[in-house]
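Residue-level listing of the chains:
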Amino acid sequence: MRVIKPHSINELMQRVNNIAGMTLGQLAQQYQFKTPEDLLLEKGWAGQLIEYVLGATAGSKPVPDFEDLGIELKTLPISFKGKPLETTFVSVTPLLNVTGMTWQQSNVRKKLAHVLWLPILGEREITPFDRTIGSGFLWQPSAIQDAQLQRDWEEQMELIALGRVDEISGHLGDAMQIRPKAANSRIVTDAIGPNGQIIKTLPRGFYLKTSFTGEILKQQFQL
DNA sequence: AGATGATCATAC
DNA sequence: GTATGATCATCT
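Rules used in this analysis
Residues numbered from 1 in each chain as written. Chains lettered and ligands numbered in written order. Predicted model: local features only at pLDDT ≥ 70, side-chain atom pairs only at ≥ 80, totals over all residues. Heavy atoms only, no water. Helix = DSSP H or I, 4+ residues; strand = E, 2+ residues; numbered from the N terminus. Buried < 20%, exposed > 50% of the residue type's maximum accessible area, 1.4 Å probe, protein only. Contact = heavy atoms within 4.5 Å. Pairing = 2+ DSSP bridges. Axes fitted to C-alpha atoms, helices over the stretch in contact; angles between N-to-C directions. 1 Å grid on protein atoms, 1.4 Å probe; cavity = no way out; pocket = protein on both sides within 12 Å on 5 of 7 lines; lining within 4 Å. Points joined across faces, edges and corners; volume = space filled by probe spheres on them. Nonpolar A, V, L, I, M, F, W, Y, C, P; charged D, E, K, R; others polar. Parallel < 35°, antiparallel > 145°, perpendicular 65-115°, else oblique. Left-handed = near helix turned anticlockwise from the far one by under 90°. Phe/Tyr/Trp six-rings, centres within 6.5 Å; stacked < 30°, edge-to-face > 60°. UniProt positions renumbered as here; feature names shortened; annotations may be inferred. Salt bridge = Lys/Arg side-chain N within 4 Å of Asp/Glu carboxyl O.

K.L.:
Explain the environment of Lys74 here, please?
P.N.:
Among the structural elements, Lys74 can be located in strand 1 (residues 72-78). Classification of Lys74 by relative accessible area gives buried; the value is 14%. Along the chain, Lys74 and Leu116 lie 42 residues apart, while their C-alpha atoms are 6.1 Å from each other. If near-sequence neighbours (up to four positions away) are discounted, Lys74 is found in contact with Thr88, Phe89, Val90, Val115, Leu116, Trp117 and Leu118.

K.L.:
Please clarify how the sheet that holds strand 2 (residues 88-92) should be interpreted in this entry.
P.N.:
Strand pairing in a sheet relies on backbone hydrogen bonds. The paired strands run either parallel or antiparallel. The strand order across the open sheet built from three strands is 2-8-5, with neighbouring strands paired in antiparallel fashion. Whereas interior strands pair on both sides, the edge strands pair on one side only; in this sheet they are strand 2 and strand 5 (176-180). Pairs of neighbouring strands in the sheet enclose a mean axial angle of 35 degrees, with direction left out of account. One ladder, built from four bridges, connects strand 2 with strand 8 (residues 204-208); its direction is antiparallel. If you follow Ser91 over to strand 8, its bridge partner there is Phe206. Along the sheet, helix 5 (residues 143-161) contacts strand 5 and strand 8; its crossing angle with strand 5, the most-contacted strand, is approximately 40 degrees.

K.L.:
Any chance you could explain the sheet that holds strand 1 here in plain terms?
P.N.:
In space, the three strands of this open sheet follow the order 1-3-4, with mixed pairing throughout. This sheet does not close on itself; its edge strands, each paired only once, are strand 1 and strand 4 (137-139). Across the sheet, the axes of successive neighbouring strands diverge by a mean angle of 35 degrees, strand direction being ignored. Relative to strand 4, strand 3 (residues 115-121) is paired through three bridges, and the arrangement is antiparallel. The residue of strand 4 that forms the bridge with Val115 is Trp139.

K.L.:
Looking at this model, I keep getting lost on the layout of surface pockets. Mind explaining?
P.N.:
A water-sized probe rolled over the atoms picks out the places where empty space is left. By volume, the largest pocket is sized at about 1,900 Å³. Contributions of two or more residues to the lining of the largest pocket are made by helix 3 (45-54), strand 1, strand 2 and helix 4 (107-112). Of all the elements, strand 1 adds the most residues to the lining of the largest pocket, at six residues. When its residues are assigned to classes, the lining of the largest pocket shows 20 nonpolar, 13 polar and 16 charged.

K.L.:
Just checking my understanding: could you explain the packing of helix 1 (residues 9-19) against helix 3 for this structure?
P.N.:
Two measures define how a pair of helices packs: the angle their axes make with one another and the distance between the axes. Close contact between helix 1 and helix 3 brings their axes to 10 Å; oriented N to C, the two are set at 125 degrees. Accordingly, the angle class assigned to the pair helix 1 and helix 3 is oblique. Viewed along their axes, helix 1 and helix 3 form a crossing whose handedness is right-handed. Each of Leu12, Arg15, Val16 and Ile19 in helix 1 lies in contact with helix 3, whose residues at this interface are Ile50, Val53 and Leu54. Classifying every residue of the contact of helix 1 with helix 3 gives six nonpolar, no polar and one charged.

K.L.:
What should I look at first to understand the packing of aromatic side chains in this one?
P.N.:
The way to describe two aromatic rings as a pair is by their centre distance and the angle between their planes. Evaluation of the coordinates by the stated rule reveals seven aromatic pairs. Measuring from centroid to centroid gives 5.4 Å for Phe137 and Phe221, while their planes differ by 85 degrees, and the two rings are edge-to-face. Taken together, the residues Phe137 in strand 4 and Phe221 in helix 6 (residues 210-221) connect sequence positions 84 residues apart. Since its relative accessible area comes to 4%, Phe137 is described here as buried.

K.L.:
Just checking my understanding: could you explain the UniProt feature "domain: DNA mismatch repair MutH/Type II restriction enzyme Sau3AI" (unreviewed entry) in chain A for this structure?
P.N.:
Under the UniProt annotation, "domain: DNA mismatch repair MutH/Type II restriction enzyme Sau3AI" (unreviewed entry) lies at residues 54-152. In this annotation, residues 54-152 is assigned 17% helix and 22% strand; the end-to-end C-alpha distance for the span is 32 Å.

K.L.:
Would you mind going over the pattern of salt bridges with me for this structure?
P.N.:
A side chain with one charge may pair with a side chain of the opposite charge, provided their charged atoms come close. For the structure shown, the criterion picks out seven salt bridges. A salt bridge links Arg204 to Asp166; the nearest nitrogen and oxygen atoms lie 3.1 Å apart. Of this pair, Arg204 sits in strand 8 while Asp166 is found in the loop between helix 5 and strand 5, placing the two residues 38 residues apart along the sequence.

Structural data, given as structure tokens:
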């Protein structure tokens, strides 16, 4: 038995509204999911549970979670104060063949074109079972937000194009940063080196900083 | 405390 | 290794 995919945005949002206020544990029981004691070994558990419950279709394919609707699902752990507790992974950072790439055609922009944010009260002192699901909402970047992301993307992708990937750290970027995205720090992938040669480096990913997602929450709930 | 760097599971 | 889902652990 699996959940059938939602056939409209309205249907999707009805499902989202129906799970608001429930705990992850309640939801997990209802759908025969096991709830881990902690997320040490299952960091993606909440996201995968919610995907299943809402009828997401993508699996591990590089397409939006709700492909037909063009919507990407992102769970967002928040504190008691309603602020994001973690950065939000967006996509892997391309390190080869980046000359000529544009923000308009980037994977980051495509991923963030239409996002279903689902806040979850995720303080570490709350066991996964008791974490409460908040009110999910749809979001599309404003012109200002898009420009903000574009600046960060272009600044950091330029360094990569110039063969300076190893100078990149999480300190760069106003709204979006580049950080490691790998099973461990010994994993390597190809990138452009300082002299234009191919070098081995740690795989990276784009992450939205908590200040940026915090503003998204603010704009949504402070109205 | 908050942010950066490191890491975990799974499918292919 | 890459892509999906992210949070953990450590340092400042």
